[in-house]
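# Examination of the molecular architecture
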Protein chains: 2
Amino acid sequence: MTDSFESSDSVRSGRTLKYAQYITFDEVLHLEHGGELPQVTVAYETYGKLNANRDNAVLVCHALSGDSHVARHEEDDDPGWWDFYVGPGKPIDTDRYFVICPNILGGCRGTTGPNSIDQRTGRPYGADFPVVTIADIVAVQAKLIDHLHIYQLLAVVGGSLGGHMALWWATYLPDRIKGTIAIATSPRLTSQSLAFDVVARNAIIRDPNYHAGQYYDHGPGPQTGLAIARMLGHITYLSREAMIEKFDSDRFNPRDIRTEFETRFSVGSYLAYQGDRFVERFDANSYLTLSMTVDLFNLGATPRELADTLGRSQCRWLIISFSSDWLFPTFQSREIVDTLIHEGKAVSYCNVRSDCGHDAFLLPNELDSYGEMMRLFLVNLDDDTPKTTQWCAAGPEKCCDSAMQNPTSIFHQHHRLDYDSIVELIAPGASVLDLGCGNGELLARLRERGHERIMGIELDQDSIKTSICRGLDVVQADLNQGLSAFGDKQFDFVVLSQTLQAVHDVPRVLSEMLRVGIESIVSFPNLGYHEYRRELVEQGRAPHAGSADGYNWYNTPTVRFLSIADFEELCKQQGYHIHRQVHLDTQAGHRVDEDPNLNADVAIVVIGDSEGNMQ
Amino acid sequence: MTDSFESSDSVRSGRTLKYAQYITFDEVLHLEHGGELPQVTVAYETYGKLNANRDNAVLVCHALSGDSHVARHEEDDDPGWWDFYVGPGKPIDTDRYFVICPNILGGCRGTTGPNSIDQRTGRPYGADFPVVTIADIVAVQAKLIDHLHIYQLLAVVGGSLGGHMALWWATYLPDRIKGTIAIATSPRLTSQSLAFDVVARNAIIRDPNYHAGQYYDHGPGPQTGLAIARMLGHITYLSREAMIEKFDSDRFNPRDIRTEFETRFSVGSYLAYQGDRFVERFDANSYLTLSMTVDLFNLGATPRELADTLGRSQCRWLIISFSSDWLFPTFQSREIVDTLIHEGKAVSYCNVRSDCGHDAFLLPNELDSYGEMMRLFLVNLDDDTPKTTQWCAAGPEKCCDSAMQNPTSIFHQHHRLDYDSIVELIAPGASVLDLGCGNGELLARLRERGHERIMGIELDQDSIKTSICRGLDVVQADLNQGLSAFGDKQFDFVVLSQTLQAVHDVPRVLSEMLRVGIESIVSFPNLGYHEYRRELVEQGRAPHAGSADGYNWYNTPTVRFLSIADFEELCKQQGYHIHRQVHLDTQAGHRVDEDPNLNADVAIVVIGDSEGNMQ
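In this convention, every chain numbers its residues from 1, walking through the sequence in written order. To read the labels, note that chains go from A and ligands from 1, taken in the order they are written. Reporting of local features is limited, given that this is a predicted model, to residues whose pLDDT is at least 70; pairs of side-chain atoms are given and counted only at 80 or more, and all residues count toward the totals for whole chains, interfaces and linings.

## Digging into the domain arrangement of chain A
Residue and element names in this part refer to chain A. Quick reminder of the rule: What marks off one domain from the next here is an automatic or database domain assignment. By the convention adopted here, residues make contact when the C-beta atoms placed from their backbones lie within 7 Å. Going along the chain from the N terminus, every DSSP run of H or I of four or more residues is numbered as a helix, and every run of E of two or more is numbered as a strand. Residues were grouped as follows: Ala, Val, Leu, Ile, Met, Phe, Trp, Tyr, Cys and Pro as nonpolar; Asp, Glu, Lys and Arg as charged; and all remaining residues, including Gly, as polar.
Domains assigned within chain A are domain 1 (2–206 + 294–381) and domain 2 (385–608). A separation of 39 Å is found between the C-alpha centroids of domain 1 and domain 2. Counting residues at the interface gives 20 residues for domain 1, matched by 16 residues for domain 2. Contributing elements (two or more residues each) for the side of domain 1 that touches domain 2: α10 (330–342), β14 (347–352) and α11 (367–382). No other element matches α11, which puts seven residues into the side of domain 1 that touches domain 2. Class assignment for the residues of the side of domain 1 that touches domain 2 results in eleven nonpolar, six polar and three charged.

Encoded structure:
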């Protein structure tokens, strides 16, 4: 169990910050909630080299209990709290980027916080340390960036409370960052997460050793309260699954540790250890200050408020959440993503499958998925040359691999005949939303053709990863849950290619497409194709429509079977106008003009909710 | 917000137990973990009348902070902690049953607990009160039942910790109960839930006012620690959704209450209020004792251990969980249910849709669903006359209503022609498992015919409710997730009638059926039917196979289309043997003998994994 005792500790106890640099700003800092600080010192560490253009800097923001030591500086250095993700050749590649990580305002690892001496009194601030918000923390980070003579950061990256900082940079200093990576974060805490913070703070401030915050001269300080707070925090960082995995097999066999806490159960000894260790390295007033900072953070409670804040951003976005994170649950990342979509921002999003809970963002378990997405997102930010279909830093094999493994992809050949027709049907330069975009092949072809505003929606995590690796803007979402984030007529074209047959609620998806797009393009396998008719009539067998590559009636991803005539009738019923149609016999490899319901195996139909320009 | 401040409080502060009766047992009680108590007093309340046969008694077990006052005794009485569910005409109907609710051992509301005087010392037990387990609590409850001259209880009912008692009664006193209703409970806590208890206990025992448990002579006792414990508990009783609903709109507007706790946020004032009120009415040592009782409860960690304990039961079971309960999550009720299934016990189960979290079991929100299931389960226990299809205390209209609303039901007429054939294919007296049993019509017909070991699986909550109302044993489960709970060849027949076409992974469901049943009966719509062929060939349209009642290709629950020939080929591929087949033309209303793949719209096929008795 020794290893796991370390997993959530973002700072090692007793370590000195050997590589930290310090800068003190002597002007008074006026804080958002009215307080002020006569001067502010910032402790920070840097990695890699700032290039001549000063445009390769990445700011990494730590979470509540972190510090400036994000990664080791040399091999025998102490590991940093994000050592798996930051370093030479790692996702945030210090061979390529100049990485800056400052300890945040209100912390206790070198930057001004409650345990710093207030020069006006000669004593530590203690409970007199003013309320600090994310705005204040970012203001101090910006001073540091100014001091380093950097105007535009390549990216700001952060998870949890660090994610709040990334959101703030993007929103309130929009011209100063090119990209934002916000991980396991939220527009504001859920009431549940806030409630845990309230209980934790009460445990500290009601500890008799708290002495109204001036415990520095009174012995040990509120150690019990701080340990209780940390124990509680730890439960919220882990998922239920992770706790079962960690503690269920030896539930009644606690680890033998010296502590005054109850250690009757294995999880009890784990929590007692975490509580005791935390007290050795963290200041209770910093905990109170930063816990309140998290709780006060509020980018908006409603879609309208969120649009007002996030709408100011100008950067490209990568949002990552973890499926088992219940402290910053997935739906909160979706709120951010949905707002950015609605505001027409360039955003990619993945809800990474993980059993590790909130802790996933610090652990190596999802390095291959979220780490690689971060790496390629940064590479694409950095590289302004036009991307081609072949452009994929993960290597074309890797892209192809994951595309080929996507079980919802109907046609598994690399070149899709229907894409040729779809591309032709889209006006040059038009904006395009591709629903069920797979590995992004159609979008990549459109980008090659010069389309700038293009975006994809896809459910499969591997396909999302491949698309992000290609530098495309793709969002992980389930079409069956609608397109509510999108505004009316937000795209010139909405494409649903070879996906209609896997959709359960067809009328809803179609009506959403027609709402969001000026025109919509739907392609689907035609059940009326002569070969399919023959299978049923002559052989008495279920047609293999939409089931290439060895699928059969009992395992095909196709759940909707329709002919061109069926589709036309549905359009008529719903009042949709068919603008153009292209019909293909992909098995023979040509277009079909005559009696398509009999002769075509694939139909491509352009529809709209008005008459459009009939061609 | 006043109302909600009450919702989770199972006891009102300051109330006297006006209707409680007391009985003292003077013999020494030897406890499971080695301690002993020289005498035990039990406080209890009763409702309704014990009948002449002494067989209408229902024991209600309260949870951690409850007491004997489960319901009001007269109109102007204080409401009880389960007032919505217990009383004249209510689900646990005191006009019909003799309801007994004792305060549990270790509590602080009349039954012997840590604040009782130890007659050996003349002082309260305090921290010297011995460790008490569910076995001990149930032993004391059994003494009370003996004292009331009741041998067999009609049922034991309990939620949460009270559910643990119900599980214990069923398992270790199997001949003394006829039925068990276990609500929002588990075989043992998750490590996550246990971890919260550990933190809560540590907050109490590290409170300087705890005085090693002998605080009774030292002023107020560990009020801060107990309040912190209660605050934490409250978070775990509510779902995330419920907390958003309750606190999100006025997050920054706390209620103005007198408290020494932080009340900066609305949820903060709520928790502070709950903490302060709890301290007024509950004893910290009782909290520690009963919290440890919950944590030590362990009916088994593995399926084998659970089979060893739950396998001893002889009663009928109703298990209820709530979808948003994360303290006693759904999967834990499923562990109990799966074990009971495996052991061949008579069990019904429903995972009630609810946003109310663990609290749902105390609130009126799900009265119509879980309250009615309890009511009818008890009525069916009580009533030993054979049930008929018409027998349904909720009224036939109600049953039919919910059955008709079931969107996954293919044929909506009340009498299903295919059932006649299926019943004929089943040997008299055979045991039958009906997969996707809907409102239980087929099972009810089999019961009328004298079949005793019959059981259903269904996904739809309303259908489950209707089936339970009919007195059938039905378990809520998704066929797509397999039948892993069932043993090999556990039933003579497994039936899948008109459900195959809505199943995604057909081969898996079939192979599971063949594993669990000696024979399996599958009925499905035949795509080869001449009318369906005509629709495709002559009209070029998707056949309406399996889509009665106005469904169309774009909204039908049917996702698998197959002909009889397709099914036969799959059986051949998989090595399944077809024992018998019956073919129907339900549109014409007769059986089909000639060329069924052309002339039948429904096929009923009996298959097995051995050759069987060909007929």
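Having seen it, we continue.
## Section: the pairing of strand β11 (residues 153–159) of chain B
All names here are of chain B. We count it as follows: Labels follow a simple rule on C-beta atoms placed from the backbone: if 20 or more others lie within 10 Å of a residue's own, it is buried; if 12 or fewer, it is exposed; otherwise it is partly exposed. Strand pairing requires that DSSP identify at least two bridges connecting the strands. When the strands point away from the viewer and the connection leading from the first strand across the helix to the second strand turns clockwise, the crossover is called right-handed.
With seven of its seven residues buried, β11 lies for the most part within the structure. Both strand β5 (residues 57–61) and β11 contribute to a ladder of four bridges, which runs parallel. Each residue of the ladder has a partner; that of V58, found in β11, is A155. With six bridges joining them, β11 and strand β12 (residues 177–183) adopt parallel strand pairing. Bridge assignment links A155 to a residue of β12, and that residue is G179. Crossover handedness for the path β11 to helix α3 (residues 161–172) to β12: right-handed.

## Comments concerning the relation of the copies chain B and chain A
Just so we agree on the cut-off: The least-squares superposition of copies is restricted to C-alpha atoms, and to residues with a pLDDT of at least 70 in both copies.
Note on the copies: chain B fits chain A at an RMSD of 0.0 Å, the axial shift is 0.0 Å, and the rotation between them is 180 degrees. Expressed as a symmetry operation, the mapping of one chain copy onto the other fits a two-fold axis. Among all residues of chain B, the minimum C-alpha distance to the rotation axis is found for V559 of chain B, at 2.2 Å. A share of 100% of interface residues in chain B that are also interface residues in chain A marks the association as one of identical surfaces.

## Regarding the interface of chain B and chain A
Facing the 57 residues of chain B at the interface are 57 residues of chain A. Sorting the residues of the side of chain B that touches chain A by element identifies α4 (191–205), α5 (223–237), α6 (240–247), α7 (266–281), α16 (506–516), α17 (530–537), α18 (564–574) and α19 (596–599) of chain B as the ones contributing at least two each. A breakdown of the residues in the side of chain B that touches chain A according to their chemical character gives 34 nonpolar, eleven polar and twelve charged.

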